[in-house]
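Breakdown of the fold
Residue-level listing of the chains:
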Amino acid sequence: MSLENISCQKSFGGWHKRYRHTSEVLGCDMVFAVYLPPQAEQGGKLPVLYWLSGLTCTDENFMQKAGAHKLAAELGLIIVAPDTSPRGPSVPADPDGAWDFGLGAGFYLNATQQPWAEHYQMHDYVVKELPALVEAHFPASRQRGISGHSMGGHGALVCALRNPGRYQSVSAFAPISNPMDCPWGQKAFSRYLGDERSRWRGWDASVLISEASERLPLLVDQGDRDDFLANQLKPEVLAQAARAAGHPLELRLQPGYDHSYYFIASFIDDHLRHHAQALCKGGKS
């Protein structure tokens, strides 16, 4: 799989780069960003944190707004940020032009319903195809962490819970914790997966946590002034499921914070350290 470099900027002694490639899983061209810390030029392989963004976002939101490069450079963490859905003229969008479904809203699942199934296989892209590409082209080890915001927080939790052993750390900002029981999730799941709700269970973190064979500690931050808190995000459901399953969860309700990147930038250092603590212990390269 070849990569086309489309931009490159020096940042805190490392490099922020964007690449385009043809995805076999998604059947279209995709763009992703990678931050390579200074240690990437010193030989050896480095751990990777995969960041999944939220509805309507692209790779650029996190890399430009989160303020993660400085500490990632100090910790020696590679950060990879994919897009939030397949793109391109052959990829179907929401017929009504809605912002919360279709382009920019892939929900990090594998669609089974037409016309979405051909392209909307974001789970396999994030979990399998993209890491294989990153590990083939960059000094990236198989020490992987995953994090994300909102829809991407949902994606991070689900990717980790569905794939034991694939990741060594996981965290989330304001995740859609119980998509089976919120408007965003119900809209996406009914269209991508069909109306049979039993098919939705495998893509809901609050359900998966009770069935998880691996107990990776979860770090979740949530602002208490988030406009989507009660209706869409429902962190209390995730907390209840974690308690029932005995799954380690640190859920921090942050006073005064909303759903924006100001919130993410305020606590991203805690998350980077959370991942580095697990990822920098060694293990398979």
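Since the structure is predicted, the reported quantities are computational estimates derived from the model, not experimental observations.

Our next topic: the sheet that holds strand E7 (residues 169-173). Taken together, the nine strands give an open sheet; going across it, the order is E1-E2-E3-E5-E4-E6-E7-E8-E9, and neighbouring strands pair in mixed fashion. Whereas interior strands pair on both sides, the edge strands pair on one side only; in this sheet they are strand E1 (4-11) and strand E9 (249-254). Each adjacent strand pair in this sheet contributes to an overall mean axis angle of 20°, direction not counted. Note: strand E2 (residues 14-23) against strand E3 (residues 28-36), nine bridges, orientation antiparallel. If you follow tryptophan 15 over to E3, its bridge partner there is leucine 36. Of the strands in this sheet, strand E4 (46-52), strand E6 (140-148), E7 and strand E8 (218-223) are in contact with helix H4 (residues 151-162), which crosses E6 at around 135°. The sheet contacts of helix H8 (residues 235-245) involve E8 and E9, and relative to E9 the element is tilted by about 155°.

Looking now at H8. Given 3.6 residues per helical turn, the α-helix brings residues three or four places apart onto the same face. Along H8, the residues that are buried comprise Pro235, Leu238, Ala239, Ala241 and Ala242. For H8, the arc enclosing every buried residue in end-on projection is 165°, short of the 170-degree limit, so these residues lie on one face. Exposed residues lying more than 90 degrees from the buried face of H8 are Gln240, Arg243 and Ala244. Against H4, helix H6 (205-208), E8, helix H7 (229-233) and E9 lie the buried residues of H8. In the stretch just after H8, glycine 246 is the one whose phi turns positive, near 70°.

How each quantity is defined
Residues numbered from 1 in each chain as written. Predicted model: local features only at pLDDT ≥ 70, side-chain atom pairs only at ≥ 80, totals over all residues. Heavy atoms only, no water. Pairing = 2+ DSSP bridges. Helix = DSSP H or I, 4+ residues; strand = E, 2+ residues; numbered from the N terminus. Axes fitted to C-alpha atoms, helices over the stretch in contact; angles between N-to-C directions. Contact = heavy atoms within 4.5 Å. Buried < 20%, exposed > 50% of the residue type's maximum accessible area, 1.4 Å probe, protein only. Arc of directions from axis to C-beta.

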